[in-house]
Structure formats: C-alpha cells, structure tokens
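Each chain, written out:
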2 protein chains.
Amino acid sequence: MRAALGQAARGLGRTSPNPSVGCVVVREGEIVGRGFHPKAGEPHAEVFALREAAERARGATAYVTLEPCSHFGRTPPCADALIAAGVRRVVVAALDPNPRVAGRGVRKLREADIEVSVGVLQDEAARQQAGFRSLITRARPWTVLKYAMTLDGTIATRSGDSRWVSSEEARTLVHRWRDELDAVAVGAQTVLTDDPQLTTRGVPGGRDARRVVFDRRGRVPAAARTLGPGSVLVTSAQTDPRPFEAYGTTVIAHEDLPGALRALGELDIASVLLEGGPVLAGAFLEADLVDEVRVFVAPKLLGAGQSPLGGPLHDFMAQARELQGVRTETVGHDVLIRGFLHPLPTVSTLTPEEIQTI
Amino acid sequence: MRAALGQAARGLGRTSPNPSVGCVVVREGEIVGRGFHPKAGEPHAEVFALREAAERARGATAYVTLEPCSHFGRTPPCADALIAAGVRRVVVAALDPNPRVAGRGVRKLREADIEVSVGVLQDEAARQQAGFRSLITRARPWTVLKYAMTLDGTIATRSGDSRWVSSEEARTLVHRWRDELDAVAVGAQTVLTDDPQLTTRGVPGGRDARRVVFDRRGRVPAAARTLGPGSVLVTSAQTDPRPFEAYGTTVIAHEDLPGALRALGELDIASVLLEGGPVLAGAFLEADLVDEVRVFVAPKLLGAGQSPLGGPLHDFMAQARELQGVRTETVGHDVLIRGFLHPLPTVSTLTPEEIQTI
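As recorded by an unreviewed UniProt entry, chain A carries the name Riboflavin biosynthesis protein RibD and is attributed to Deinococcus peraridilitoris. For the record of chain A, the UniProt heading Function (unreviewed entry) holds the text "Converts 2,5-diamino-6-(ribosylamino)-4(3h)-pyrimidinone 5'-phosphate into 5-amino-6-(ribosylamino)-2,4(1h,3h)-pyrimidinedione 5'-phosphate."

Below is the structure:
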C-alpha cells in the first residue's frame, strides 16, 4: 500500500475535483503493475496498473488507495476492470467518502468472488485525499494555514521585514506544497505590500497552484502580479469585476468566508494553502474554517515584531484551540509542527463490522 | 562514561561553586564502584567510587566526568587517590576549565604510569558543568532563558491569563530544572502580578533553587512570597536594603546586568533559570547575557496575546539571533526546542595534540 500511496502522490494537485489515487498490482511478492490517476477525464489508477500488469494480473493482488469506482462516469467502472483482469484479491486503503457510493465498489468485487480488505494505511490515504473528501462531504476545499515564525513568535519585524524567517529547506518544502495543493490564498494586504507571484519554484515537474486573493473591499489593483489568468479574486458585490476579468481573473462576490469557500469548491478547488497574512489567518480561524495548520518554527530570536495571527481569538488560555494529530519534524534548521483543527473528512459512515459484511 | 554522567546528574544543583562530577570504576566490564560529588566541602566523586570499589580498584579503569584535581583544596587531590588505589587507566570526559589547572591532573596520573584518555562524551560533560565552567572562565553564572508559548507565539492572553500554556509534563520538567539549577530569576512585574513561590514541586528528593528578583526600581514589597530567606533582590543603590534584609533577603545593588550577574556568582550561584517575564528576558537578551534558551511550543492557537520577549531587539529579520546546537524533543503535548546563544565555556585551551602529550 505504501507503493500505491507513492503512486497517488504523483497526481497530487493535478486531479481535482477527482482524488489523487494510486494502484499497484502484486504477484508473488513482486510489483507487476503500477498506476495513478493523472488528471480528471483521464483513466483511473487501476487502469494503468492493470495495463502494465497485463496477463500477470490474473490471480494477483491489487492495492488501491481509494475504493474502486462501481459506476459509469467519464470512464468505465474500475471494479469491472479488476474483475475482468482476474485479480484474486483487492486491498483498499479507504472507502469512497460519498455515503451513497461508499461500499458499492467493494460489494461488486465481493460478488465476483474477489477477496477484499479495507482500511490498510487508511489515515495516510485520507490525508492524501483530504481535498477530495472535503469537497464531497462539505462542499468546500480543505484549508491549510501555513506560516513561519521565530522562536519568539514573530513572522516579521515591526517594519515588515520577513526575509527570511525560515531556512531554505523550509521554503523549498512550501513550494512542494504549492505544487500539491489546488490553490494558494493571500489577503489584500499581502498583495498591496508584496504582490507575490506565488508560483512553484524549485520543484522538478512542478506546476503552479491557482492564486486566490481575498479582498472584500476591492483594494488590490487589477494589474497585480498575484492576479491574472488562473487566479481568483474573492470580493464583495460592490466591487466592479470587469477590470479584473479583463486581466483573466475570475471574480467571486461573497460577503462571508463560508460562501466564498463553497464558490471556490465549485471551481474545482479542493484544497487551499493559506499563505498570508495575519489578518486573513485570523479571519479564517475566527470563522473556524482552518482545517490543518503547518508552522515552521525557526530557532532564532528577533524581539518585538509582527505576530502570526491578526485579531483576538480568545480571552483565556484554556480556550486556545488545540491541534490534533500533531507531528513534528526537522526541516533544515527549522522545526515543522503540523496538526489538525478539524478531523480529516470521515472515511465512511460504515462501522468496521459493516465493512466486513458489505 | 554514561554511567559516570548519570552519577554526576545526582549532584546537579547541590555542589556550587564546585562542579557536579561523577565517577565509576570498571573492572572486567563490570562497574565495581560509583560516586558523585554531593556538596561543596564533601569528598569528590572519585573518593566515593574508589571507596566502593576497595581492592577491586587495583588494575581497574576509572571514568570521571571532569579531570581529577591535583591540588590540595578542602579535600586531598583525587589524582593521588587514583594513583594510591592502583587504577590502571583513567578516562576523563573534560579537562578542568581553569587554564592554570587544566592538564595538571592528567599529567600527574601519567607520571604515575596510568594510561589517560581525555574527551569521551566531552560535550555532555560540559553541558552538565556549564555553571561551574561559566563561574571559572567568566566569573558569572550560566543563564538559561525559559518560556512556554503557543504555536502562534503568545505566552499569555492580553489580560495576562497564562494557565496553562504548556502541558503538565512540560511544567514538571521545569520543576526538574529548578531542582538542577542554582537559582531561578524573575522580574519585578512577575512578583507584583503573581508573587510566585518558585519552589520545586513534584520532583522526588528535589530542593528549591534560590530565588532572584530583578527590581531596579525597588517596587516589590519586602514581604513578597518570592523573597525571604535564601532569596536575592537585585536592585539599585537607591533602594533601602533594610526592610528586605529584615525578611532574610540578600540585597545586591547593581545598576547594570553584567555587574549583577558577577555579584550572583560571588554568592556561589553558578546557574540561573530566567523564568519571567518578557521585560526581564528582553533586557537579558539586549545585554547579550542569555547563554541558553529552552522554549516549549504548545500546539495550540490563541490569537492575539502577550509576546515572550519585551522590547525591540532587531530591525531586520537577518539580524535575529540564531540558536546553535539546537535540539528538539516532544514533552507531553508540547515541543521543547533548546539551543545555545553562547558556546559552552571552553573545555580547555589545549589542542587535542597537546592533550595527548600533557
């Protein structure tokens, strides 16, 4: 399943609104086929893996990171393909998150006398599929708040200088995240101050995420570098969209963040990296719309400076929002602390017992 | 040597101005004697270890965390004791930091045809002996700045509520540090707001560190709980010491921090844990008098709140002070990040080659 997850990772950021899925076919302990879903509209992971395995798929075991589909969409059902190829056993990481679909793929395989196991490395798979699962179950993208701060909690000096808080390795990792998530979001202040390109740099084969600018008051210039083709401006109905649209920017008019996120979901944006600044981060947290947090802590002391979050959230320390599933790792000189404010969208409403007897 | 360092750890916080030293005697792969220096005026580690080993010390190897002394102080020289016991080999973690003494113990042993190795786990030993080494080489205590902050860089809410930033495990570890360091220091504001006892709680066999209050303007009440017998008030010459002395507080009048630290050293305080608050921390950093930093990062978000460091230190991010020798570990739910702003006081001015030929 690790190999299948590795395959799925190759499609991250390229498949929305579809999930990034990987599949390997194993025969006598040897991988004879592998595949991943490269892009919506193209074949699913299973198809590529079975194609490579060809005749060796007969009697083999297929590992798939998501339950094989059982319905005709833009491609024929993968469950049928696995049955036709003659695989003996299918191991699934996680069920389809859509309650109306979950379990159908498994049932179809079992009805064809294929042995099916579910739940192997399920959490890892759910992490990879967070955006897809969020779109299906909540009709909004999965949001990841990211910032880098010093060991005394500053993200910039009082004058705004932030070059650089974190090490080069940390900044490279952020570019990998941009490559893997569907969109990168910033607030108006970041555009007015820095007008960042937010492109993906230094990632072999990388592609740029869509840029999303949250600017309720319509203060950013239509010609900003951050805007333009592929970008989205989230603003109010008072802002005239035409100058922005003339530059190729998609304009969404929404007064509240939940509505704006739903609208981004309708644009097939399944995941958003919130990259700046404190005001945007504070607004998302205040609205309880941050799903995941990734913070680089650089082991250096600045003294007084700008704080990562704008605006007051809580009056008492006991009210502070605790991250769940915290992981810590060293990245260059820095410490990356990541965790969840919301659980990964449920893998299935079925109990383990129910899954056994689908 | 690990076992010898373990012995030395038992004396931490009890031996100043002497170092905490440990010794084990090993014969045929078995520890036959162990000892640590329990307190200034009592015998050194080697004496206890040799006493336990008795006749088995003959032909054995002694591991000592600090070069055995060669001069008559309050106790006879340990080098002589090792020679008299007939040990065949002595392994030393670190040389004596006093340039006038360093190497003499080793030479004395070698002159008695004892094989001597120097430098085994030297860094660990230097960490344990940081206070002693600081007193000897700089005539001031080793200073450790400690605080706990949220993942968005706050140590308290705007109203001052800080219960609790860190997990119980982290707070227990702080009590162990209080047990191991000679003194715990706070600023006037902390006393006026909380009047903390700063005692060591929950550490089996623990003892209280001396309390040091930095209060230049003499604002704290003489009857404060933080003050009293065993405590030190650092203030200006304008403050009348008598009310404080009436409560058993030692009063030091010094306008500047370097002078105050030297005065603490004269009171046999070899190490100080800076426990609060932001103003004191900022003043020590501004004066470049923080040697080591230990920060608990709690994976929770508060929003706006109080920052760990008072006052501006730097105008540009590139000027931020980088910690060296950074170590990260998980303590309860929190992440402990520790490192040095100053190197551990030099172990010796001798080169490895010179040590070989002492």
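Draft legend 1. Here's a closer look at the overall build of chain A. A count of helical and extended segments in chain A gives 12 helices and 16 strands. The C-alpha atoms of chain A give 22 Å as radius of gyration, which agrees with the globular expectation for 358 residues (21 Å, within 12%). With respect to the three principal axes, the spread of C-alpha positions in chain A is 65 × 45 × 40 Å. Expressed as a percentage of the 358 residues in chain A, the buried residues total 56%. Once local pairs closer than 6 in sequence are excluded, the contacts in chain A between residues at least 24 apart make up 69%. On chain A, roughly 15,100 Å² of surface is accessible, and the fraction owed to carbon and sulfur atoms is 49%.

Draft legend 2. Region of interest: the UniProt feature "active site" (unreviewed entry) in chain A. All names here are of chain A. The UniProt record marks E46 with the feature "active site" (unreviewed entry), using the residue numbering of this structure. Turning to its location among the elements, E46 is positioned in helix α2 (residues 45-53). Leave out the neighbours within four places in its chain, and E46 touches C23, V64, L66, P68, C78 and L82.

Draft legend 3. Region of interest: the nonpolar core. Counting 74 residues, the largest nonpolar core has L151 and F214 of chain A together with F214 and L264 of chain B as its most contacted members. Not counting residues within four places of it along the chain, the set of residues in contact with L264 of chain B comprises P141, V212, F214, V232, V234, I252, I269 and V272 of chain B.

Draft legend 4. The arrangement of the pairing of strand β8 (residues 210-214) of chain A in detail. Residues and elements named next belong to chain A. Among the five residues in β8, four count as buried, and that is most of the element. Looking at chain direction, strand β7 (residues 183-187) and β8 are connected through five bridges and run parallel. By the bridge assignment, A185 is partnered in β8 with V212. Between β7 and its parallel partner β8, the chain crosses via helix α8 (residues 188-193), and the hand of that crossover is right-handed. Alignment of β8 against strand β9 (residues 232-235), held across three bridges, turns out to be parallel. Bridge assignment links V213 to a residue of β9, and that residue is L233.

Draft legend 5. Quick peek at the environment of E169 of chain B. All names here are of chain B. Looking at where E169 falls in the secondary structure, it is placed in helix α7 (residues 168-180). Accessibility expressed as a relative area gives 45% for E169, which makes it partly exposed. Placed 161 residues apart in sequence, E169 and T330 show a C-alpha to C-alpha distance of 9.9 Å. Beyond its immediate sequence surroundings of up to four residues, E169 is in contact with V331 and G332.

Draft legend 6. Examining the pattern of salt bridges more closely. Tallied over the entire structure, the rule returns 34 salt bridges over all chains. Residue E52 of chain A is joined to R34 of chain A by a salt bridge in which the shortest nitrogen-to-oxygen separation is 3.8 Å. Highlighted residues: E52 of chain A in helix α2 and R34 of chain A in strand β2 (residues 30-36), separated in sequence by 18 residues. Residue classification places E52 of chain A among the partly exposed positions, given a relative accessible area of 36%. Where D291 of chain B meets R138 of chain B, a salt bridge forms, and the shortest distance between an N and an O atom there is 2.8 Å. In this pair, D291 of chain B is assigned in the loop between α11 (278-286) and β12 (292-298) and R138 of chain B in helix α6 (residues 130-138), connecting sequence segments 153 residues apart. Take D291 of chain B: its relative accessible area is 0%, and that puts it in the buried class. Note on R138 of chain B: relative accessible area 28%, which makes it partly exposed. A single network of salt bridges, built from pairs that share partners, joins E292, R294, E329 and R338 of chain A.

Draft legend 7. Just the state of the cysteines, in detail. All names here are of chain B. On inspection of all chains with the given rule, the structure shows zero disulfides over all chains. Residue C23 stays outside any disulfide, its sulfur separated by 8.4 Å from that of C78, the closest cysteine. Between C78, a free cysteine, and C69, which holds the nearest cysteine sulfur, the sulfur-to-sulfur gap is 3.8 Å. When its relative accessible area of 0% is taken as the criterion, C78 is described as buried.

Draft legend 8. Local environment of the relation of the copies chain B and chain A. Under the fitted operation, chain B is carried onto chain A by 0.0 Å of movement along the axis and a turn of 180 degrees, and the coordinates agree to an RMSD of 0.0 Å. What we have between these two chains is a two-fold relation. For chain B, the residue whose C-alpha comes nearest the rotation axis is G153 of chain B, separated from it by 1.9 Å. Of all interface residues in chain B, 100% are interface residues in chain A too; the two copies therefore contact each other through one and the same surface.

Draft legend 9. Examining the packing of aromatic side chains more closely. Here the structure, examined in full by the defined rule, presents six aromatic pairs over all chains. Above the ring of W177 of chain A, the side-chain terminus of R294 of chain A is found at 4.6 Å from the ring centroid.

Draft legend 10. Quick peek at the domain arrangement of chain A. All names here are of chain A. For chain A, the domain assignment lists domain 1 (1-129) and domain 2 (141-340). On a C-alpha basis, the centroid separation for the pair domain 1 and domain 2 is 33 Å. Taken together, the six residues of domain 1 in the interface contact 11 residues of domain 2. A combined buried area of about 780 Å² lies between domain 1 and domain 2, and 39% of that area is made up of carbon and sulfur atoms. When residues of domain 1 are sorted by the area they lose upon contact with domain 2, R14, S16 and R127 head the list and together hold 62% of the total. On inspection of domain 1 and its partner domain 2, the count reaches one salt bridge. Between domain 1 and domain 2 we count five residue pairs in polar contact (both at pLDDT 80 or more) in total.

Draft legend 11. Looking closely at the interface of chain B and chain A. Taken residue by residue, the interface counts 47 residues in chain B and 47 residues in chain A. When the two sides are added together, the surface that chain B and chain A hide from each other amounts to roughly 3,600 Å², 66% of it contributed by carbon and sulfur. The largest contributions to the chain B side of the interface with chain A come from L151, L301 and M317 of chain B, which together make up 23% of the buried area. Inspection of the region where chain B meets chain A yields two salt bridges. Between chain B and chain A we count 14 residue pairs in polar contact (both at pLDDT 80 or more) in total. Of all the secondary structure elements, the ones that give two or more residues to the side of chain B that touches chain A are β6 (142-150), β12, β13 (300-301), β14 (321-322), β15 (324-331) and β16 (334-340) of chain B. The residue makeup of the side of chain B that touches chain A, split by class, is 28 nonpolar, 11 polar and eight charged.

Thresholds, definitions, all that
- Residues numbered from 1 in each chain as written.
- Chains lettered and ligands numbered in written order.
- Predicted model: local features only at pLDDT ≥ 70, side-chain atom pairs only at ≥ 80, totals over all residues.
- Heavy atoms only, no water.
- UniProt positions renumbered as here; feature names shortened; annotations may be inferred.
- Helix = DSSP H or I, 4+ residues; strand = E, 2+ residues; numbered from the N terminus.
- Rg over C-alpha atoms; globule rule 2.2 N^0.38 Å.
- Buried < 20%, exposed > 50% of the residue type's maximum accessible area, 1.4 Å probe, protein only.
- Contact = heavy atoms within 4.5 Å.
- Areas by Shrake-Rupley, 256 points an atom, 1.4 Å probe, with all protein chains shown as cover.
- Core = buried A, V, L, I, M, F, W, Y, C linked by side-chain atoms within 4.5 Å.
- Pairing = 2+ DSSP bridges.
- Right-handed = clockwise from strand over helix to strand, strands pointing away.
- Salt bridge = Lys/Arg side-chain N within 4 Å of Asp/Glu carboxyl O.
- Disulfide = S-S within 2.5 Å.
- Least-squares fit on C-alpha atoms with pLDDT ≥ 70 in both.
- Phe/Tyr/Trp six-rings, centres within 6.5 Å; stacked < 30°, edge-to-face > 60°.
- Lys NZ or Arg CZ within 6 Å of the ring centre and 35° of its normal.
- Domains from an automatic or database assignment.
- Buried area = accessible area lost by both parts, 1.4 Å probe.
- Polar contact = N/O pair within 3.5 Å; in protein donor to acceptor, adjacent residues only side chain to side chain.
- Nonpolar A, V, L, I, M, F, W, Y, C, P; charged D, E, K, R; others polar.

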